[in-house]
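# Residue-level structural notes
These are the residues of each chain, in order.
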Amino acid sequence: VVAGDGDFLSIGGEHIAPQAARNLNICVVIMDNGVYGLTKGQSSPTTELGVITPTTPGGKVEEPVKPLELYLAMGVSHVASAFSSQVRELTTMIRDAMNYPGFSIVHVQSPCPTYNDNLDILRGNPKKDEAPKVYPISEDHDPTDISKAWDIARAPGVPIGVLYEDGVSEPLEGCYNRVVGSLRQRDPQ
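Now for a description of the structure that goes with this document. (Residues numbered from 1 in each chain as written. Predicted model: local features only at pLDDT ≥ 70, side-chain atom pairs only at ≥ 80, totals over all residues. Heavy atoms only, no water.)

### Quick look at the side chain of T56
Inclusion rule: In this text, helices come from DSSP runs of H or I with a minimum length of four residues, and strands from runs of E with a minimum of two, each type numbered from the N-terminal end. The cut-offs for exposure are 20% and 50% of the maximum accessible area for each residue type, with area from a 1.4 Å probe on protein chains only; residues under the lower value are buried, those over the upper are exposed, and the others partly exposed. Polar contacts here mean pairs of N or O atoms no more than 3.5 Å apart (in protein, one a potential hydrogen donor and the other a potential acceptor; neighbouring residues in sequence count only if both atoms are side-chain atoms). Contact criterion: two residues are considered in contact whenever any of their non-hydrogen atoms come within 4.5 Å of each other.
Tracing the backbone shows T56 in the loop between strand 4 (42–43) and helix 3 (67–73). Of the residues examined, T56 reaches a relative accessible area of 11% and is grouped as buried. In terms of polar contacts, T56 uses its side chain to reach the side chain of T53, at 2.7 Å. Residues within four places of T56 in sequence aside, it is in contact with S43 and V51.

Okay, here's the thing in C-alpha cells:
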C-alpha cells in the first residue's frame, strides 16, 4: 500500500489499529510531506504547529500527529522511518518491510517542493548553519526492544532506520491456517 500523510493519518487512520491487531501481511509506505499537496497545500495531520496554509491562514492551531508514536501505540509489528532523498536506504527499507512476515510500515519524510519545502530543515544546510533534523538510528539499536523504539520515536528530529520489529511476528494467514488446522484435527469430516 502506498499512501500519503493526509489520507493515511487522517480519515485512513482508522485502518491502522485493526490491521496491526490482525498483523495483516502487507507493507504500507507512507509519503509524508506535511501538507495535502494535491489540494494546493492545505494543512495535513503532520503539518507543524503554527504553519500557515490555505486552510490555516492564522497558522495551524492543533499539534501535529506523531506518526512513529502512533504506529507503535497501535501495535504495528514493523516500524521503519526513511527519508526520500536517501534512495538506496529507502529502497532497502521498503524491500525489508515487504519481506517482513506481518504488518509493516515505512514512514517516509518526503518534502513537497511546492507547498512545504522543508528539505534544508530535514537534511540541514551548512551555508545557513542549520543542523540536519534527519539522523541515522544507531547501529547498536536492538529493533526488538519496544521500549528503545519508544525512546527513538519520542526523541526530537527524524530518525532513519528500523525503530521496531517484533521478532516473533506471525501474520494473519499463519494464525488462520493454524486455527483451521486445529479445527480439522478435531472434526476430520
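Having seen the structure, we can now continue with the description.
### A word on the pairing of strand 6 (residues 104–109)
Just so we agree on the cut-off: The pairing criterion is simple: DSSP has to find at least two bridges between the two strands. Look down the strands so they point away from you; if going from the first strand over the helix to the second traces a clockwise path, that crossover is right-handed.
Within strand 6, 6 of the 6 residues are buried, leaving the element largely enclosed by the surrounding structure. The alternating pattern of strand 6 places S104, V106 and V108 on one face and I105, H107 and Q109 on the opposite face, and all of these are buried. Direction of pairing for strand 2 (residues 27–32) relative to strand 6: parallel, over a ladder of 6 bridges. Paired with V28 across the bridge in strand 6 is I105. Running through helix 4 (residues 87–99), the crossover from strand 5 (residues 78–83) to the neighbouring parallel element strand 6 is right-handed.

### A word on the layout of surface pockets
Our working rule: Each cavity reported here is a set of points on a 1 Å grid over the protein atoms alone in which a 1.4 Å probe fits but cannot get out, each pocket an open set with protein on both sides within 12 Å along at least five of seven lines, and each lining residue one with an atom within 4 Å of a point. Grid points are joined across faces, edges and corners, and a volume is the space filled by probe spheres set on the points. When residues are sorted by character, Ala, Val, Leu, Ile, Met, Phe, Trp, Tyr, Cys and Pro go into the nonpolar class, Asp, Glu, Lys and Arg into the charged class, and all the rest, Gly among them, into the polar class.
Roughly 670 Å³ of internal volume is contained in the largest pocket. Of all elements in the fold, only helix 3, strand 6, helix 5 (119–123), helix 6 (146–154) and strand 8 (158–165) reach the threshold of two or more residues within the lining of the largest pocket. Lining the second largest pocket, in full, are G4, D5, G6, D7, M31, N33, V35, Y36, G37, L38, T39 and C112. Every element with two or more residues in the lining of the second largest pocket is listed here: helix 1 (5–8) and strand 3 (35–36). Tallying contributions element by element places helix 1 first for the lining of the second largest pocket, with 3 residues. By residue class, the composition of the lining of the second largest pocket is 5 nonpolar, 5 polar and 2 charged.

### What about the pattern of salt bridges?
Short version of the rule: Any Lys or Arg side-chain nitrogen located within 4 Å of an Asp or Glu carboxyl oxygen qualifies as a salt bridge.
According to the stated counting rule, one finds 3 salt bridges in the structure shown. Note that D120 is salt-bridged to K128, the shortest N-O span being 3.6 Å. With a relative accessible area of 26%, D120 lands in the partly exposed category. Assessed through its relative accessible area of 53%, K128 is described here as exposed. A salt bridge links E170 to R178; the nearest nitrogen and oxygen atoms lie 2.9 Å apart.

### A look at the sheet that holds strand 8
Selection rule: Here, axes are lines fitted to C-alpha atoms. For helices the fit covers the stretch in contact, and angles between N-to-C directions go from 0 to 180 degrees.
The 6 strands are arranged 1-2-6-5-8-7 in an open sheet whose pairing can be described as mixed. Only two strands of the sheet have a single partner each, and these edge strands are strand 1 (2–4) and strand 7 (134–136). Strand-to-strand twist across the sheet, computed as the mean angle between neighbouring axes with direction ignored, equals 25°. Against the sheet, helix 4 contacts strand 2, strand 5, strand 6 and strand 8, and its axis sits at roughly 165° relative to strand 6. Strands in contact with helix 6 are strand 7 and strand 8; relative to strand 8, the strand with the most contacts, it is inclined by about 160°.

### Focus: unusual backbone geometry
Although it is not a glycine, N23 adopts a positive phi angle of roughly 55°. Structurally, N23 can be placed in the loop between helix 2 (16–22) and strand 2. Given a relative accessible area of 8%, N23 falls into the buried group. In this model, D129 sits at a positive phi of 55°, which is unusual for a non-glycine residue. By secondary structure assignment, the location of D129 is in the loop between helix 5 and strand 7. A relative accessible area of 73% means that D129 is categorised as exposed.

### Thoughts on helix 4
What counts here: By definition here, a helix of n residues has an expected span of 1.5 Å times n minus one. Directions pointing from the helix axis toward each C-beta atom define the arc.
Spanning 13 residues, helix 4 covers 18 Å between terminal C-alpha atoms, matching the ideal 18 Å at 1.5 Å per step. Within helix 4, burial applies to L90, M93 and A97. Burial along helix 4 is one-sided: seen end-on, the buried residues are contained in an arc of 65°. Looking at helix 4, the residues exposed on the side facing more than 90 degrees away from the buried face are V87, R88, M98 and N99. Where helix 4 is buried, its residues meet strand 2, strand 5, strand 6 and strand 8.

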